[in-house]
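A structural walkthrough
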Amino acid sequence: MRSSIDLLIRKALADRIPLSVADDAFVDRGALISYGPYSRLVGIQAAKLVNKILQGGKPGEITIETPDRLFLSINQTTAKQIGVNIPRGILERADRLVQ
C-alpha cells in the first residue's frame, strides 16, 4: 500500500494536481493536504475505552465515540510546486504546516 500512495503522490506532483489525503504522514511525503482524525488522539480515546472495559464496563454498554477533533496538515512546499495559493486564513487554521 505504501508504494501505491508514493506512486499516486509522484503522479499528482508531476501533473500538478492537488492531492488530499486522510493520513497526516502522507503530507510529509508530498501530498498537498490532509484533513481527518489525528491517529495519536484516536489512540488515546481508544485507550480510555479499553480502560473502561478493564474496570468492569460491558463493551455493549459503552457508547460509540467519534474523534474529538479533526487535524489539518498542509504541505507548503507542494503547494508552491504545483502552483496552488493557499489563503492565509486557511494556513492560520492548520494544525501543522510542512515546509
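Above: the structure in question.
Residues numbered from 1 in each chain as written. Predicted model: local features only at pLDDT ≥ 70, side-chain atom pairs only at ≥ 80, totals over all residues. Heavy atoms only, no water.

1. Quick word on the overall build of the protein chain
- Broken down by element type, the protein chain carries five helices and four strands.
- Ordered by position in the sequence, the α and β elements of the protein chain form the string α-β-α-β-α-β-α-α-β.
- Relative to the 2.2 N^0.38 estimate, which gives 13 Å for 99 residues, the radius of gyration of the protein chain is 17 Å and therefore markedly larger than a compact globule would have.
- With respect to the three principal axes, the spread of C-alpha positions in the protein chain is 55 × 35 × 15 Å.
- For the protein chain, the proportion of its 99 residues judged to be buried stands at 27%.
- Once local pairs closer than 6 in sequence are excluded, the contacts in the protein chain between residues at least 24 apart make up 50%.
- Split by element, the accessible area of the protein chain, about 7,000 Å² in all, is 57% carbon and sulfur.
- Of the side-chain charges in the protein chain, 14 are positive and 10 negative, and the distance between the mean point of each set is 3 Å. (Helix = DSSP H or I, 4+ residues; strand = E, 2+ residues; numbered from the N terminus. Rg over C-alpha atoms; globule rule 2.2 N^0.38 Å. Buried < 20%, exposed > 50% of the residue type's maximum accessible area, 1.4 Å probe, protein only. Contact = heavy atoms within 4.5 Å. Areas by Shrake-Rupley, 256 points an atom, 1.4 Å probe, with all protein chains shown as cover. Lys, Arg positive; Asp, Glu negative; His and termini not counted. Charge placed at Lys NZ, Arg CZ, Asp CG, Glu CD.)

2. A word on the side chain of Gln45
- Along the chain, the position of Gln45 falls in helix H3 (residues 39-54).
- The contacts of Gln45, once residues within four sequence positions are left out, are Glu65, Thr66, Pro67 and Asp68.

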